[in-house]
Amino acid sequence: GGADGGQTVTPWEVEAEGGVDYDKLIEQFGSQAISDELIERMERVTGKRVHHWLRKGIFFSHRDLKEVLDLYEAGKKFYLYTGRGPSSGSLH
């Protein structure tokens with residue numbers, strides 16, 4: 001098994017004795033679990049059902065989603081910056 005208490009999770013490798021410990025991942029990555037209450041809030045705020053991957057727990061944690069929902073509810077503008085960067089030293 002994995003290098004860290006029986007668990008290794010990287011973009012390239014997943015090794016876990018007895019299954020992935022998602023609570024441990026949340027702690028290690030400094031994120032927060034996506035709760036049923038947060039899913040209900042997203043649906044209430046947007047007026048739409050969330051993506052089925054949220055409901056199934058495939059997306060299981062977040063950073064700052066509550067703050068984004070606060071801004072959205074207040075009618076304030078915001079932007080999301082996602083991704084992990086270019087795959088080479090050049091952008092073009």
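Anyway, here's the lowdown on the structure attached to this text. Residue indices begin from 1 for each chain and proceed along its sequence in written order. Totals for whole chains, interfaces and linings use every residue, but because this is a predicted model, local features are given only for residues with pLDDT of at least 70 and side-chain atom pairs only at 80 or more, for both listing and counting. Only hydrogens and water are set aside when side-chain values are computed; all heavy atoms of the structure are taken into account.

## Some thoughts on the nonpolar core
Turning to step 1, where the next piece is worked out: If you look at the biggest cluster of nonpolar residues, it comprises nine residues: Ile34, Leu38, Ile39, Met42, Val45, Val50, Leu54, Leu65 and Leu69.
Turning to step 2, where the next piece is worked out: Secondary structure elements are defined from DSSP: runs of H or I of at least 4 residues count as helices, runs of E of at least 2 residues count as strands, and each element is numbered from the N terminus. For this core, the elements supplying multiple residues, two or more each, are α2 (36-46) and α4 (65-73). Only buried residues count toward a nonpolar core. Its members are Ala, Val, Leu, Ile, Met, Phe, Trp, Tyr and Cys residues joined through side-chain atoms within 4.5 Å. Any residue under 20% of the maximum accessible area for its type is buried, any over 50% is exposed, and the rest in between are partly exposed; the area is computed with a 1.4 Å probe on protein chains only.

## A word on the pattern of salt bridges
Turning to step 1, where the next piece is worked out: Salt-bridge detection follows one rule: a side-chain nitrogen of Lys or Arg within 4 Å of a carboxyl oxygen of Asp or Glu. What the rule picks out here adds up to three salt bridges.
Turning to step 2, where the next piece is worked out: The closest approach of N and O atoms between Glu43 and Arg55, which form a salt bridge, is 2.5 Å. Within this pair, whereas Glu43 is found in helix α2, its partner Arg55 is found in helix α3 (residues 52-55), the two being separated by twelve residues in sequence.
Turning to step 3, where the next piece is worked out: For Arg55, a relative accessible area of 40% puts it in the partly exposed group.
Turning to step 4, where the next piece is worked out: Look at the salt bridges and you will find they share partners, linking Arg41, Asp70 and Glu73 into a network.

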